[in-house]
Amino acid sequence: MPPEDKSASRNFIQQIIDADRAAGKNGGRVHTRFPPEPNGYLHIGHAKSICLNFGLAQEFGGKFNLRFDDTNPTKEEQEYVDSIVDDVNWLIAAFGETQGFRAQGSESTSAARTEPRTLNPEPLYASDYFQQLYDWAIQLIKEGKAYVCDLSAEEVRAHRGTLSEPGKNSPYRDRSVAENLELFEQMKKGEFPDGTRTLRAKIDMASPNLNLRDPVMYRIKHASHHRTGDKWCIYPSYDYTHGQSDSIEGITHSICTLEFENHRPLYDWFCRELRIHHPQQIEFARLNLTYTVMSKRKLLQLVQEKHVAGWDDPRMLTIRGLRRRGYTPEAIRAFCERIGVAKFDSTIEMTWLEDAVREDLNERAPRVMAVLRPLKVVITNYPEGQVEQLEAANHPQNAAMGTRQVPFARELYIEADDFMEDAPKKFFRLAPGREVRLRYAYFITCNEVVKDKAGNIIELRCTYDPATRGGNAPDGRKVKGTIHWVAAPMAATAEIRVYDHLFKTEFPDEVEGQGSSVEGQTKVTSAVSSSSVPRPSTLDPRPHSFLDNINPNSLTIVHDAKLEPSLAAAQPGQHFQFERLGYFFTDPVASKPGTAIFNRTATLRDTWAKEAGKE
């Protein structure tokens, strides 16, 4: 038999690195990085990049940097820096990295870190390289490869040309080296107002790649920087900073998303002309998900206009929002590994992400009983005042998680949805004259329905069979339905926040008069079998803004849910499976001592809801 082709199971980036190492490139080193701009909170798309870059460094015994590309002081804040460090540390814990990056102001513990580590424990900053970047800019000016330009931003755009027409040279392109050096020094000293001059690379205004048409390297901004203060009033562009920062840090593989593919020739040009270490830029497809937006600008708009409660709103697919909703780093890592790494854009169904957290929480979350929409049940033949303790498994597939005692009494609460007065044939829950099993308890039969004056059902009167304690009948009779419950006298009352998709349509960006950012992509529709089908290219009629696609039912707050008494002591940050309802998480922000608030992380599959068209 021919030898197994192991490359078939490795993504194209792993194959590139395999080949580089085999050829001895970079001495066999692998050094990756995650380079966010500190102008917002990280989202699920960033999580894919973090998992990819950290995972590659760990796989090849390499290094991983967290570097902030902090070149725009007007949009960057320390708040974002702190949140990014915290979110990255939280996520890479799924890879076994328990110490993480040090937050600003924390004491060094490097003496205690004797084992080899994948990451550089200090976050890095492009702003720490400002002097070197400035020196390199001087080098390019002296070599006739950069010049100071007096064109305004609008004039630069007008001179740039189009995809079908070449650009026009700036009238300042042929300034002498001496004049450019003098003007650039004056820019640095703050002698010119914002926007009046830029430093541009002198490349080719007729290049078919618009990024090579004399791109801006420096612009004037009299703004205080979150790290350098007022030391600088000229700031390097992202394109000029990015590759040189990679070079300074010894990055071997600069892995970024596809929108930077057209920027690669510029990345290469700077490294080549400066004659510095030249990392290899590799592009992969960014993550697009249904029922959400990934634009940082739109996420900021949602927050600023108060369509959500903040960056950590559990409906937001920011890492902060996912954490507060109850997602685990292991679930996000599993999701990112499952969707893989591709060269072409696609849109992933939200069910992939939801399935990943279900699978993870199914293993770790203890089972409890809670009733979100309580309907009172009185067991008429159960002794008044009697309470017995029933044994309930904390996890039916994991005996090591033990058992707990659940009180049972004459008065109970069940879910209102678990009763139908006029039930169809396939409804196997409680109905008049029908017998069901109470989880861990007894068989009960509904004998009477009590209603208020408006005709609303307010109470059920039932009888129980004492011989069925534990849920089995000695005579061997079977019941098809099992429902959960809580004992009314001992029930804890809690607030439950039931979250759903923030947007009501799969592609909320598709609005009238605007092209979709995912036009022409495929939609991956199954988290189990990855079948790809074309998605519709148009919707008619379209709303006018992505905000018009916000789901008005994305949050339902249940104020008087009834829970088994053990949950009264639930601590912030605990996961539970509410049996038959879903996975829930004790809100780490809103919960108070003795007053837990539970966020729904993910639903459970419900065959009746599907039958009734509810899901």
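In this report, the structure presented in the accompanying data block is examined. These figures come from a predicted structure and were not determined experimentally.

1. Focus: the side chain of threonine 468
Phase 1: By the secondary structure assignment, threonine 468 is in the loop between β20 (457–465) and β21 (482–483).
Phase 2: The class of threonine 468 is buried, set by a relative accessible area of 0%.
Phase 3: At a separation of 2.8 Å, a polar atom in the side chain of threonine 468 contacts the main-chain amide nitrogen of phenylalanine 443.
Phase 4: Those residues in contact with threonine 468 that lie beyond four places of it in its chain are Ala441, Tyr442, Phe443, Ala473 and Arg477.

2. Details of empty space enclosed by the protein
Rolled over the atoms, a probe as big as a water molecule pinpoints where empty space is left.
Phase 1: Applying the stated rule across the entire model yields three cavities of 30 Å³ or more.
Phase 2: Approximately 150 Å³ is the volume found for the largest cavity.
Phase 3: Lining the largest cavity are 17 residues; nearest its centre among them are Arg315, Leu317, Arg325, Met350 and His501.
Phase 4: Looking at the lining of the largest cavity, the elements that each hand over two or more residues are α9 (296–304), α10 (319–325) and α12 (350–364).
Phase 5: Considering only residue class, the lining of the largest cavity consists of 10 nonpolar, three polar and four charged.

3. A few points about the environment of alanine 393
Phase 1: Note that alanine 393 resides in strand β15 (residues 387–393).
Phase 2: Each C-alpha atom, one on alanine 393 and one on tyrosine 440, is 8.7 Å from the other, the two residues being 47 residues apart in sequence.
Phase 3: Other than its neighbours up to four places away in sequence, alanine 393 contacts Arg367, Gly402, Thr403, Arg404 and Tyr440.

4. Re the sheet that holds strand β26 (residues 555–563)
Phase 1: Ordered in space as β12-β27-β28-β29-β23-β26-β13, the seven strands form an open sheet in which the pairing is mixed. Two strands bound the open sheet, and with one partner strand each, they are β12 (367–368) and β13 (370–371).
Phase 2: The sheet contact formed by β12 and strand β27 (residues 575–578) spans two bridges and is parallel. Residue pairing across strands places arginine 367 opposite glutamine 577, the latter belonging to β27.

5. What to know about the packing of helix α2 (residues 44–59) against helix α3 (residues 78–92)
Phase 1: In contact at an axis separation of 11 Å, α2 and α3 are set at 55 degrees when each is read in the N-to-C sense. One way to sum up the angle between α2 and α3 is to call them oblique. Two packed elements cross with a definite hand, and for α2 against α3 that hand is right-handed. Only Val88, Leu91 and Ile92 of α3 make contact with α2, whose side of the interface consists of Ala47, Ile50, Cys51 and Phe54.
Phase 2: Tallied by class, the residues present in the contact of α2 with α3 amount to seven nonpolar, no polar and no charged.

6. A few points about the nonpolar core
Phase 1: By size, the foremost hydrophobic cluster in this structure holds 46 residues, and its most contacted members are Ile44, Val88, Leu289, Ile332, Phe335 and Leu353.
Phase 2: Sorting the residues of this core by element identifies α2, β2 (63–68), α3, α10, α11 (329–339) and α12 as the ones contributing at least two each.
Phase 3: Each residue touching isoleucine 44, except ones within four places of it in the same chain, is listed here: Leu287, Leu289, Met294, Leu317, Leu322, Ile332, Phe335 and Leu353.
Phase 4: Core analysis: the next-biggest nonpolar cluster, separate from the first, contains 33 residues, Phe184, Leu199, Trp269 and Ile276 among them.

7. Some words on the packing of helix α4 (residues 130–142) against helix α7 (residues 238–248)
Geometrically, a packed helix pair is captured by the angle between its two axes and the distance between the axes.
Phase 1: Relative to each other, α4 and α7 sit at 110 degrees, their axes nearing to 11 Å. Judged on the interaxial angle alone, α7 and α4 are roughly perpendicular. Considering how the two elements wind past one another, α4 and α7 form a crossing that is right-handed. For the pair α4 and α7, the contacting residues are Gln132, Leu133, Trp136, Ala137 and Leu140 in the first and Tyr240, Thr241, Gln244 and Ile248 in the second.
Phase 2: Partitioning the contact of α4 with α7 into residue classes produces six nonpolar, three polar and no charged.

8. Things to note about the pattern of salt bridges
Phase 1: Inspection of every chain in the model, using the stated rule, returns 45 salt bridges.
Phase 2: Of the charged contacts, one joins glutamate 388 and arginine 469 as a salt bridge, the two residues approaching to 2.9 Å between their closest N and O atoms. Placement of glutamate 388 in strand β15 and of arginine 469 in the loop between β20 and β21 is noted, with a sequence separation of 81 residues between them.
Phase 3: Shared partners join several salt bridges into a network, and the residues in it are Arg33, Arg67, Asp69, Asp246 and Glu249.

9. A short note on the sheet that holds strand β3 (residues 124–125)
Phase 1: Spatially, β1-β2-β3 is the arrangement adopted by the three strands of the open sheet, whose pairing is parallel. Every other strand in the sheet has two partners, leaving β1 (31–34) and β3 as the edge strands with one partner each.
Phase 2: For β2 and β3, the ladder comprises two bridges, and the chain directions are parallel. Directly across from phenylalanine 68, in β3, lies its bridge partner tyrosine 125.
Phase 3: Set on the sheet, α3 makes contact with β1, β2 and β3; between it and β2 the angle comes to about 160 degrees.

Conventions used here
- Residues numbered from 1 in each chain as written.
- Predicted model: local features only at pLDDT ≥ 70, side-chain atom pairs only at ≥ 80, totals over all residues.
- Heavy atoms only, no water.
- Helix = DSSP H or I, 4+ residues; strand = E, 2+ residues; numbered from the N terminus.
- Buried < 20%, exposed > 50% of the residue type's maximum accessible area, 1.4 Å probe, protein only.
- Polar contact = N/O pair within 3.5 Å; in protein donor to acceptor, adjacent residues only side chain to side chain.
- Contact = heavy atoms within 4.5 Å.
- 1 Å grid on protein atoms, 1.4 Å probe; cavity = no way out; pocket = protein on both sides within 12 Å on 5 of 7 lines; lining within 4 Å.
- Points joined across faces, edges and corners; volume = space filled by probe spheres on them.
- Nonpolar A, V, L, I, M, F, W, Y, C, P; charged D, E, K, R; others polar.
- Pairing = 2+ DSSP bridges.
- Axes fitted to C-alpha atoms, helices over the stretch in contact; angles between N-to-C directions.
- Parallel < 35°, antiparallel > 145°, perpendicular 65-115°, else oblique.
- Left-handed = near helix turned anticlockwise from the far one by under 90°.
- Core = buried A, V, L, I, M, F, W, Y, C linked by side-chain atoms within 4.5 Å.
- Salt bridge = Lys/Arg side-chain N within 4 Å of Asp/Glu carboxyl O.

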